[in-house]
Amino acid sequence: MAEDLHIPYGVSKEGIYKALYPQLQALVEGEPDLIANMANITSVLKEAFRFLWVGFYRVWGEQLVLGPFQGPPACTRINYGKGVCGTAWKEERTLIVPDVDKFPGHIACSRWSRSEIVVPVRQGGAVTAVLDVDSDRLGHFDETDAFYLGEIIELFR
C-alpha cells in the first residue's frame, strides 16, 4: 500500500487533507500496532506538507515521551503542562500557535520552529498522546489543519 501513496500537488491545503485521509485510513486499517500507525502517519504528513517536524509524544506518567516522528532531532521528554505539547495535554484541546516565540514557556526543541499545532490523541476517554506539528513559517496553521488533523487522530480509535 505504501508504494501506492498518492500525494497531490498544486491543490489547496484542504484538498491535500481530503486526498490523504482515505490513503491514511487504508494504511492503518487492520494494523493493531499503534507505533507502526503513528510512524506511517508522521511520514505521510511530513511528505505531503513538507512540515519542519511531525511527531507524536506519548503519555508516560507525568510526562510526554517522544514517539515516532519525522524531522530533526527533538526533545525526548516534556512535563505535564509545559510547553505547547504539555499544555495541550493538560487542557485536553488542540492548540494553534502562530508564533512560538510568543507562547509563554515554549520549549525550543528546534531553533527553526516558528509556528506549531498540537492535537491531543484520546483513547478510552483519556489523552494518551499528542500529535505535534511544527513549521518553519510563522502563522502556518489554522482551523483547517486543526479540523483535518483531528480527523486523522480519530483513525486511532
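Above this text you will find the structure in question.
What you are looking at is a predicted structure, and each value in this text was computed from that prediction instead of being measured. (Residues numbered from 1 in each chain as written. Predicted model: local features only at pLDDT ≥ 70, side-chain atom pairs only at ≥ 80, totals over all residues. Heavy atoms only, no water.)

1. Thoughts on the overall build of the chain
Under the convention used in this document: For helices the rule is a DSSP run of H or I covering at least 4 residues; for strands it is a run of E covering at least 2, with both sets numbered from the N terminus onward. Each radius of gyration is computed over the set of C-alpha atoms, and the globule rule expresses the reference value as 2.2 Å times the number of residues to the power 0.38. Each residue's exposure class comes from its accessible area (1.4 Å probe, protein chains only) as a fraction of the maximum for that residue type: buried when under 20%, exposed when over 50%, partly exposed otherwise. The contact rule is simple, with two residues in contact once any of their heavy atoms fall within 4.5 Å. Positive charge is attributed to Lys and Arg, negative charge to Asp and Glu, and no charge count is given to His or to the chain ends. Just so you know, the charge point we use is NZ for Lys, CZ for Arg, CG for Asp and CD for Glu.
Per the secondary structure count, the chain includes four helices and six strands. Along the chain direction, N to C, the helices and strands of the chain fall in the order α-α-β-β-β-α-β-β-β-α. Computed over C-alpha atoms, the radius of gyration of the chain comes to 15 Å, within 12% of the 15 Å expected from 2.2 N^0.38 for 157 residues, which places it in the range of a compact globule. With the C-alpha coordinates of the chain rotated into their principal frame, the extents come out at 40 × 35 × 25 Å. The proportion of buried residues among the 157 residues of the chain is 44%. Here the contacts in the chain between residues at least 6 apart in sequence split such that 50% fall between residues at least 24 apart. Positive and negative side-chain charges in the chain, numbering 15 and 21 respectively, have mean positions lying 7 Å apart.

2. Details of the packing of aromatic side chains
We apply this condition: Paired rings are identified among Phe, Tyr and Trp, the last through its six-membered ring, by centres lying within 6.5 Å, and are further divided according to the angle between planes into stacked (under 30 degrees), edge-to-face (over 60) and tilted (the rest).
Overall, the coordinates contain nine aromatic pairs when judged by the stated rule. Aromatic side chains Phe56 and Phe156 sit 5.5 Å apart centroid to centroid with 85° between the ring planes, which places their arrangement in the edge-to-face category. Taken together, the positions of Phe56 in strand S1 (residues 53-60) and Phe156 in the segment after helix H4 (143-153) put the pair 100 residues apart, joining distant regions of the chain. Using a relative accessible area of 0% as the deciding quantity, one classes Phe56 as buried. Judged by its relative accessible area of 12%, Phe156 falls in the buried class.

3. Let's talk about the pattern of salt bridges
Our working definition: Whenever a carboxyl oxygen of Asp or Glu lies within 4 Å of a side-chain nitrogen of Lys or Arg, that contact is scored as a salt bridge.
Tallied over the full model, the rule gives six salt bridges. With a closest N to O distance of 3.3 Å, Lys13 and Asp142 form a salt bridge. Here the residue Lys13 occupies a position in helix H1 (residues 13-28), and Asp142 occupies one in the loop between strand S6 (126-135) and H4, the gap between them amounting to 129 residues. Among the residues examined, Asp142 registers a relative accessible area of 32% and is labelled partly exposed. Through salt bridges that share partners, Lys13, Asp142 and Asp145 make up one connected network.

4. What to know about helix H2 (residues 34-49)
Here is the rule we go by: To estimate how far a helix should reach, multiply one less than its number of residues by 1.5 Å. What the arc measures is the spread of directions leading from the helix axis to the C-beta atoms. We define a polar contact as two N or O atoms separated by no more than 3.5 Å, with the added condition that, inside protein, one atom must be a possible hydrogen donor and the other a possible acceptor, whereas residues neighbouring each other in sequence contribute only through side-chain atom pairs.
Between its first and last C-alpha, H2 extends 22 Å over 16 residues, near the 22 Å set by a 1.5 Å rise per residue. Looking only at H2, the buried set comprises Asn37, Met38, Ile41, Thr42, Val44, Leu45, Ala48 and Phe49. Relative to the axis of H2, the buried residues are bounded by an arc of 165° and lie together on one face. Its buried side turned inward, H2 meets H1, S1, strand S2 (63-70), S6 and H4. Between a side-chain oxygen at the N-terminus of H2 and the backbone nitrogen of Ile35 the separation is 3.0 Å; the capping residue is Asp33. Trailing H2 by a residue or two, Arg50 shows a phi angle of about 55°, which is positive.

5. What to know about H4
If you check which residues of H4 are buried, you get Asp145, Ala146, Tyr148, Leu149, Ile152 and Ile153. In this structure, the buried residues of H4 make contact with H1, H2, S1, strand S4 (95-97), strand S5 (115-123) and S6.

6. A closer look at the sheet that holds S1
So the rule is basically this: Strand pairing follows a simple DSSP-based rule, namely that at least 2 bridges must link the two strands. Lines fitted to C-alpha atoms define the axes here, with helix axes fitted over just the stretch in contact, and angles between the N-to-C directions of these axes take values from 0 to 180 degrees.
The six strands are arranged S3-S2-S1-S6-S5-S4 in an open sheet whose pairing can be described as antiparallel. Strands at the two margins of the open sheet, each flanked by one partner only, are strand S3 (77-79) and S4. Taking the axes of each pair of neighbouring strands and ignoring which way they run, one obtains an average angle of 25° across the sheet. Strands S1, S2, S3, S4, S5 and S6 of the sheet are contacted by helix H3 (residues 83-91), whose axis makes an angle of about 40° with S5.

7. A short note on unusual backbone geometry
If you check the backbone angles, Arg50 has positive phi at about 55° while not being a glycine. In this structure, Glu92 takes a positive phi of about 50° despite not being glycine. Considering the arrangement of structural elements, one finds Glu92 in the loop between H3 and S4.

8. Concerning the packing of H1 against H4
What counts is decided by this rule: These descriptions rest on fixed angle ranges, namely under 35 degrees for roughly parallel, over 145 for roughly antiparallel, 65 to 115 for roughly perpendicular, and the rest for oblique. Lys, Arg, Asp and Glu make up the charged group, whereas Ala, Val, Leu, Ile, Met, Phe, Trp, Tyr, Cys and Pro make up the nonpolar group; the residues left over, Gly among them, are polar.
Closest axis-to-axis distance for the H1/H4 pair is 10 Å, and the angle between their directions is 0°. In terms of axis orientation, H1 runs roughly parallel to H4. Contacts between H1 and H4 involve Lys13, Glu14, Tyr17, Lys18, Tyr21 and Leu24 from the former and Thr144, Asp145, Tyr148, Leu149, Glu151 and Ile152 from the latter. For the contact of H1 with H4, a count of residues per class yields six nonpolar, one polar and five charged.

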